[in-house]
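# Coordinates in review
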Amino acid sequence: MLFNSFEFLVFFPLVTILFFLLPHRFRWLHLLLASCAFYMAFIPAYILILFLTIVIDYIAGIMIENAQGAQRKFYLAMSLVANIGVLAVFKYYNFFIDNVNALLHLSNPTASLPLLAIILPIGLSFHTFQAMSYTIEVYRGHQAAERHFGIYSLYVMFYPQLVAGPIERPQNVLHQFHEKQYFDYRRVVSGLRLMAWGLFKKVVIADRLAYMVNAVYNNPHDFHGLPVLVSTLFFSIQIYCDFSGYSDMALGAARVMGFELMKNFDRPYFSESVGEFWRRWHISLSTWFKDYLYISLGGNRVPLLRACLNTFIVFMVSGLWHGANWTFIVWGALHGLFLVVGRLTKARRIAFIERTNLHFLNNPLLNTGLTYVLVAFAWIFFRANTLQDAGYVINNLFTTSSAYWKDTVFTGLSTVKIFYTRTEWLALLGALILLFAVEKAQFRLSINNWLVRQSTPVRWAIYQGIVLYIVLLGAFEHVQFIYFQF
């Protein structure tokens, strides 16, 4: 069930109203059943896989807490193997066999290992990582094992963040399911505002940009020059509005019912370095890898070169987490490389600027622009269907023929124009200006608090304006969220 679907428009108010009408002791069951229905709207049978991992991790958590010494590590290892094993079968088995077959074909063209005819369960990587964070935190002694099976199941299955995060930690969420949530008008309005803003980003910006991005990236060899460049820039905005829009709706839906989920995005395209970008982008995943992988590898407590190697490994794994395709691995490797190079050259860059007095090279605007260029370049690999397509896109971003201005720019402009009507171009431009104006303003003030301080007519005029923008200019074609595939 998509957040931007008619089904969810019915589902959400029904579930929320019933939640507040029911006595507290029945609410966990109500939310759990609603979450099961939400998940089964995609592929019903896959809830059995989810149920299997829930049972394993629930038992593992209790056994880890009750055990001593090496036994604790053994039970944790069993839990991690079970979770990673499910991921390995459903997400990576065919990718691994494809690569093995490619190697076998070098010596014997007829040799081939069989592939599995399976579909990746939606959101598998998200709820698997959330489940693993639970057993790891119990093992580390930061979280008591949850004895209520229903509450633990709800921790993994809570529908607002079930299929695309945020990837929660048990310390933040589990206790909230035990507490009684009261209806609070201001909190409900705040949650609805966040949901509306997320829907605006998804249907007005992301799904509109998807028209051109999909047309170009699914058939890259039909285009060159300006359309390729514009669609690459568009994808950098599309994926941000798609994923952060989903996260806003997830946080907003949870907040309406009284639950606070962790922030997942914090204006990443205003970052002045790739490192800062990753502190602002997909925060729940970045901190997951930092807490459970980077620190386990030694973190910053090891020599500099080892720390750089650890960073590179983490980003390679992060790329693989996103998808079983070499394009995602290269995307992760590029980010790892950007961070390593940035770290190794930082002292020399600062010394060079001080020695030459070229302080404009450390201008925040220049740094932000350079960071965006690096991130947008890496997105090419994330969006391209194959490495060959990514190579074509990079080679055709700019054309340097003698007839560039005539044949590329003017022809390119004509090609770009065909993807949208004039009204759609103006709607997109207005939406992008509004998006980045709001994000820039958030550095100085809280938009939420600013809205609360406005008079009722002004506040409602803004609400109605956003709703009208969504209804009249949104794309309602049930375009799936990009991160649902992970």
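Residues numbered from 1 in each chain as written. Predicted model: local features only at pLDDT ≥ 70, side-chain atom pairs only at ≥ 80, totals over all residues. Heavy atoms only, no water.

## A word on the layout of surface pockets
What the second largest pocket holds in volume is close to 1,500 Å³. Lining the second largest pocket we find 40 residues, and of these S273, V274, G275, E276 and L339 sit closest to its centre. When residues of the lining of the second largest pocket are traced back to their parent elements, those giving at least two are α10 (274–280), α11 (283–294), α12 (304–322), α13 (326–356) and α14 (364–383). In terms of residue count, α13 provides more of the lining of the second largest pocket than any other element does, 12 residues in total. Its residues assigned to classes, the lining of the second largest pocket shows 19 nonpolar, 13 polar and 8 charged. (1 Å grid on protein atoms, 1.4 Å probe; cavity = no way out; pocket = protein on both sides within 12 Å on 5 of 7 lines; lining within 4 Å. Points joined across faces, edges and corners; volume = space filled by probe spheres on them. Helix = DSSP H or I, 4+ residues; strand = E, 2+ residues; numbered from the N terminus. Nonpolar A, V, L, I, M, F, W, Y, C, P; charged D, E, K, R; others polar.)

## Some words on empty space enclosed by the protein
On inspection of all chains with the given rule, the structure shows 2 cavities of 30 Å³ or more. Empty space within the largest cavity amounts to approximately 60 Å³. F19, H24, R27, W28, L31, L154, Q176, F177, E179, K180, Q181 and F259 together form the lining of the largest cavity. Per element, the largest residue contribution to the lining of the largest cavity is 4 residues, and it comes from helix α2 (residues 24–40). Tallied by class, the residues present in the lining of the largest cavity amount to 6 nonpolar, 3 polar and 3 charged. Taken together, F126, H127, Q130, V156, Q161, L162, G165, P166 and I167 make up the lining of the second largest cavity. In terms of residue count, helix α5 (residues 124–140) provides more of the lining of the second largest cavity than any other element does, 3 residues in total. Taken together, the residues that form the lining of the second largest cavity break down as 5 nonpolar, 4 polar and no charged.

## Concerning the pattern of salt bridges
Considering all chains together, one arrives at 11 salt bridges under this definition. Among the salt bridges present, the one from D207 reaches K202, with a minimum N-O distance of 3.0 Å. Summarising the burial analysis for this pair, D207 and K202 share the class buried. For R267, the salt bridge goes to D266, with nearest N and O atoms at 2.7 Å. Grouping residues by exposure puts R267 and D266 together as buried. By sharing partners, the salt bridges in this structure join K263, D266, R267, E276 and R280 into a single network. (Salt bridge = Lys/Arg side-chain N within 4 Å of Asp/Glu carboxyl O. Buried < 20%, exposed > 50% of the residue type's maximum accessible area, 1.4 Å probe, protein only.)

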